[in-house]
Structure formats: structure tokens, C-alpha cells
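Observations on the model geometry
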Amino acid sequence: MTALEDKKWWRGGVIYQIYPRSFQDSDGDGLGDLRGITQRLDHIASLGVDAIWISPFFKSPMKDFGYDVSDYCDIDPLFGNLADFDAMIARAHELGLKIMIDLVLSHTSDQHPWFQASRQDCTNDMADAYVWADPKPDGTPPNNWLSIFGGSAWEWEPKRRQYYLHNFLTSQPDLNFHNVDVQDRLLDVARFWLDRGVDGFRLDTINFYFHDRQLRDNPALPVEQRNASIAPEVNPYNHQEHLYDKNQPENIAFLERLRALMDQYDDRAAVGEVGDAQIGLELVAQYTKGDKRVHMCYAFDFLSPEKLRADKTAQVLSLFKQKAPDGWQCWALSNHDVQRHASRLASGTLAAQEQRMQAAFLLSLPGSACVYQGEELGLREADVPFEALQDPYGITFWPEFKGRDGCRTPMVWSDAANAGFTVGDPWLPISAEHAAANVNVQEAQDDSLLKFYRDFIDLRRNTRALYDGDGTGFHADGDLLTIDRASADSRVRCIFNFSDAAQEVSLPDGANVLKSTYEWPAAPANDTTMLPPKSAWIVSLNEEAHV
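Residues numbered from 1 in each chain as written. Predicted model: local features only at pLDDT ≥ 70, side-chain atom pairs only at ≥ 80, totals over all residues. Heavy atoms only, no water.

1. Side note on the pattern of salt bridges
- According to the stated counting rule, one finds 34 salt bridges in the structure shown.
- A salt bridge links glutamate 433 to arginine 380; the nearest nitrogen and oxygen atoms lie 3.8 Å apart. Here the residue glutamate 433 occupies a position in helix α12 (residues 432-435), and arginine 380 occupies one in the loop between β13 (368-372) and α11 (392-397), the gap between them amounting to 53 residues.
- Among the charged side chains, a salt-bridge network with shared partners connects Asp64, Asp337, Asp391, Arg404 and Arg408. (Salt bridge = Lys/Arg side-chain N within 4 Å of Asp/Glu carboxyl O. Helix = DSSP H or I, 4+ residues; strand = E, 2+ residues; numbered from the N terminus.)

Structure follows, in C-alpha cells:
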């Protein structure tokens, strides 16, 4: 029996993220869609992953490309319709894949009927559904809160003569979670999709749900504590300690309500995105503690601009184990909001070898893992010229920050026109470098990164300690990181050399190298003590590491 067959699928599962606009276009309009996803499910299944997370496809004005929802219970025509969704989920389940959808609950589009009603006056049925506040006596916003997309987090509404809160774009007003009726409506949304057969949710900006009722000002953050992992360095958002605009304690009770709903269905799971560079790991611990909150969360510890370091990694893993010994983390190196890690974490040397090591690192961490589309091909951040930019974030802060389009360019499948993504004009340009690394090309190469991902995921799935074993030790020695994993019947040591020089490694008697990233796909050597630069060993510490 494999590790997958007798455990909850999400505990140790590998989740493949799809950005639907950029995955596969089925109708030639240059935009990916649900039918396109269905056409490519075989590729995802071949990787051996457990689940798919699909970024938003709901009806939307697309000011933030689907993260501004105008109807939670319908599909935007750009992506298809509910029948296409049903066909996609049916095919995924045939292939043994779970489907997780991206629920954006903290805010809606300003075109959502709820907000259209709420903005009319202070007495209608939806008047309290969003966060409204009177101006200060001088007419300025009620406090100093800032938007992640730049500037004040407050926008004036002439009809109500009040400001509304928007932590993101002005067209993304924040819902008022202190209103229980709002919570009930959102739980109804979750119920709609659970009834339709989804296996879980990725919860966007899970720590932004509640705001401080007193609307207190955020204090300034000292320069030395500013962190650019959530917002770029040029964004004043980094200048505040975000005590009051998010991360409120009332959030726990709502997460427990959501978990109770999900527990009414068999084998469902949720992963929350914790958007906070200051206390992100502590929030992950709070939100995943016990079995009544979110199943798992991920923070931005390995999504930040900071290069991977042995000491920082050991510190992060040890802190999570200390704060949430029964919690569950979900790790990622790339997603649709950050520069691709093949560029962000690259040292400039031994690129192919380093990418294999990074894949092994992600897939060896205790917890679950997210793989972003194209990550398995080693795609680097694309260079999108200003005139082709679509992302409002990048347009605002160009050229110091180029936005998120560079990680959202279309998936590359073949040597056909537009790399097999579309027969039309793609919504973002496809780089020649990406096209040369397409799926078909890598399928023909014995030593491709694509095949390494497939091979390592297979090792993870069939090695109990790697799949869902505990992290029993995290040790940094210079640039050498050691992670010990253990289950009831296997013990594995994962050793990573982040440096540009070979490092001496001492292995206990009887240890067996299961995987060697620098020699792959050749048989690993067990008679050396030197781990080459930018490389990893996965070592069995007992004779029966496989389940």
C-alpha cells in the first residue's frame, strides 16, 4: 500500500497550481479556459501529483484577473460555463486528481450586486456588508491604512458620503466579516461548490478577513524591520506594522465555522494563503492548530526575494514545529504573485543542477507542497515589455517593480505556433526561452527537469517518511542543511548543499542514498563523502524506507 492510499490525501499531498488564463486555450481567443485545462489533465496526472489548485475563474470585470469576483457561483464566459467545469472535474476525478478552487472571500469586485446595493445609502439591507467609515473632520480617510497596490486603503463614495476599505485595488472593496450575515453568505458560496464536487479550497488572503473594529492607526515599522516579501521595496505598504488592518483574532472563529462546514463532506481540505511578512509563520501555526481550523496554510517564507539559506530554513522549520506541533504547513517556491524561483533563487552557476536541488528541497519539506505551472519545466521569469503589461500592480510601480506578468505568461507545450498554447494571439507574449523548454522537448530528454519532478514525486509518494513523516530534526552547518524525516516504518535524511563548493558529509553506517540530484538519472553513489555544489542527497537511514 502506498502512502497515499491510507492517509488523507492532503497530508503530504503535492498540489499543482493552474493559472487558467495561461494554461491552455481551447477556442483561439488567446486566453486559457476550462476546456483547455481538461485537455491537459493527462500531463498533470503524469506528474504524480495529488491535486490541482485553479486560480479564480468566476465572473469578474478582470481588473485583477479574477481576484475581483462579481458572481461567486458562476463561471466567467472567458473561461467557459458550469457545464465545462463539471466536465473538467469529472475527468480529473477519473484520473485520480483532486480539484481545489481559489475562493476570494476577503473582498469582491465593486461590480458585485452586494456592493452595488451597499454603496447606495446607509440604510439598505446590504449597507453593513462592506467596511464603511466616516471621514475625519477634515475630510481625510478615517485612518492611515494602506493598500497593497499603493496609496490609501480607503476610497470615497459620494452616495454614502463615507469611505470604504480596499486592501487591494479600489475596485476590490473589503467585505465586513464582523457582520454574521456576510459570513453566512460566504459559507453558502463554499457549500455551492462543495455540492458541485470540489475537493477543497485555496483561501486567498486568509488573514485579511477581519479588520479592527476601532479602526486604529497602524504604527510605523522601523526601517531595519521592513520586509519586501509581501510588497515590493518601492511600496510604502512595507512602512507599517500591520496590527489593525488584518490578522485579527476574530478570524479564528470564522475559520472554525468554515471547517465545520467542510467536515460535513468526505475528504475535503482547505489551504490558506497567509499574506504577512512580519508574523506569517505564527499565523500559520494559529490557523492550522488542532482539527477545527484550516487543514493547512502557507506563508511567504520561501516566496520572498531572499535566497535559500541553510540557517534561515532550519530556523523557519524549527519555529513552525515549535509553534504548531500538530499543525500542517503547505510550502511553495513559486506562484502567480511572485517572480519565478528559477530566476529569483538562482545563483548564476550550475543552473540545471541547482533547479533539481530546489525541486528536491521543496518536495522534501515536512508538510504539503505546491508546484506552480511551468515550474516542472524550469521556466524562468519572462521579460514582459511595458507596452505588453496587463498587471495593474506592475503598471503602477514600473520600472522599479515590473509586476506579476512575468510569472503569468502562457504555458509552453510544443514546438507549434505559440508553443501550443493557442492558435490566436496570446494575452501575454511567450518568450523564446520558454518555448524552447516546452513539454514535448523535455519529454524526449532522459535528463530533463520535467522527468526529474516526475521521478522525485514518485519517490515522495512511495516513501512514507518523505510523504507525511514528521520533521524530527533541522540542522544548518554553514551552507549545508540537513532535514530528518521519520514515520513509523522509515527514516530519511535530506541533505542540501546551497553553496558553490563541494561539502563533506558524514553518513551513518548502513545509510543508503535513495536519490542524488547531481548524478540523476544515473545510479547514486554511496562511496563518497563529498556532496557537490548546488546538490542534494536523499538518504535512507534504515533498510525499509519504502512503504
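There's plenty left to go through after this.
2. Thoughts on the packing of aromatic side chains
- Inspection of every chain in the model, using the stated rule, returns 36 aromatic pairs.
- When the centroid spacing of 5.6 Å and the interplanar angle of 85° are considered together, the rings of phenylalanine 361 and phenylalanine 496 count as edge-to-face. With a gap of 135 residues between them, phenylalanine 361 in helix α10 (residues 351-364) and phenylalanine 496 in strand β16 (residues 491-497) connect regions that are remote in the sequence. Exposure class is identical for phenylalanine 361 and phenylalanine 496. Each is buried.
- Taken together, the ring pairs in this structure connect Phe149, Phe168, Phe208, Tyr393, Phe397 and Phe401 into an aromatic cluster.
- Lying across the ring of tryptophan 427, arginine 21 places its NZ or CZ 4.4 Å from the centre.
- When the ring centre of tryptophan 413 is taken as reference, the NZ or CZ atom of arginine 40 above it lies at 4.1 Å. (Phe/Tyr/Trp six-rings, centres within 6.5 Å; stacked < 30°, edge-to-face > 60°. Buried < 20%, exposed > 50% of the residue type's maximum accessible area, 1.4 Å probe, protein only. Lys NZ or Arg CZ within 6 Å of the ring centre and 35° of its normal.)

3. Considerations on the pairing of β13
- Buried residues dominate β13, accounting for five of its five residues.
- Side chains of β13 alternate between two faces, with Ser368, Cys370 and Tyr372 and Ala369 and Val371 buried alike.
- Both strand β1 (residues 14-18) and β13 contribute to a ladder of four bridges, which runs parallel. Note that in β13 the partner of valine 14 across the bridge is alanine 369.
- Where strand β12 (residues 330-332) lies against β13, three bridges are found, and the strand directions are parallel. Bridge assignment links tryptophan 331 to a residue of β13, and that residue is alanine 369. (Pairing = 2+ DSSP bridges.)

4. Quick word on the sheet that holds strand β11 (residues 296-298)
- Ordered in space as β11-β10-β9-β5-β2-β1-β13-β12, the eight strands form an open sheet in which the pairing is parallel. For this open sheet the edge positions go to β11 and β12, each flanked by a neighbour on one side alone. Mean inter-strand twist for the sheet, computed between neighbouring axes without regard to direction, equals 25°.
- Sheet topology note: the strand β2 (residues 51-54)/strand β5 (residues 98-103) ladder contains four bridges and is parallel. Bridge pairing in β5 links isoleucine 52 to isoleucine 99.
- Along the sheet, α10 contacts β1, β12 and β13; its crossing angle with β13, the most-contacted strand, is approximately 140°. (Axes fitted to C-alpha atoms, helices over the stretch in contact; angles between N-to-C directions. Contact = heavy atoms within 4.5 Å.)

5. Comments concerning the packing of α10 against helix α14 (residues 449-462)
- Two elements in contact, α10 and α14, have axes whose closest approach is 10 Å; the angle formed by their N-to-C orientations is 25°. Viewed along their axes, α10 and α14 adopt a mutual orientation that is roughly parallel. The handedness of the crossing between α10 and α14 comes out as right-handed. The segment α10 lies against α14, with Gln355, Arg356, Ala359, Ala360, Leu362, Leu363 and Ser364 engaging Leu449, Phe452, Tyr453, Phe456, Ile457 and Arg460.
- Residues belonging to the contact of α10 with α14 are distributed by class as follows: nine nonpolar, two polar and two charged. (Parallel < 35°, antiparallel > 145°, perpendicular 65-115°, else oblique. Left-handed = near helix turned anticlockwise from the far one by under 90°. Nonpolar A, V, L, I, M, F, W, Y, C, P; charged D, E, K, R; others polar.)

None of the figures reported here should be taken as evidence of function without further support.
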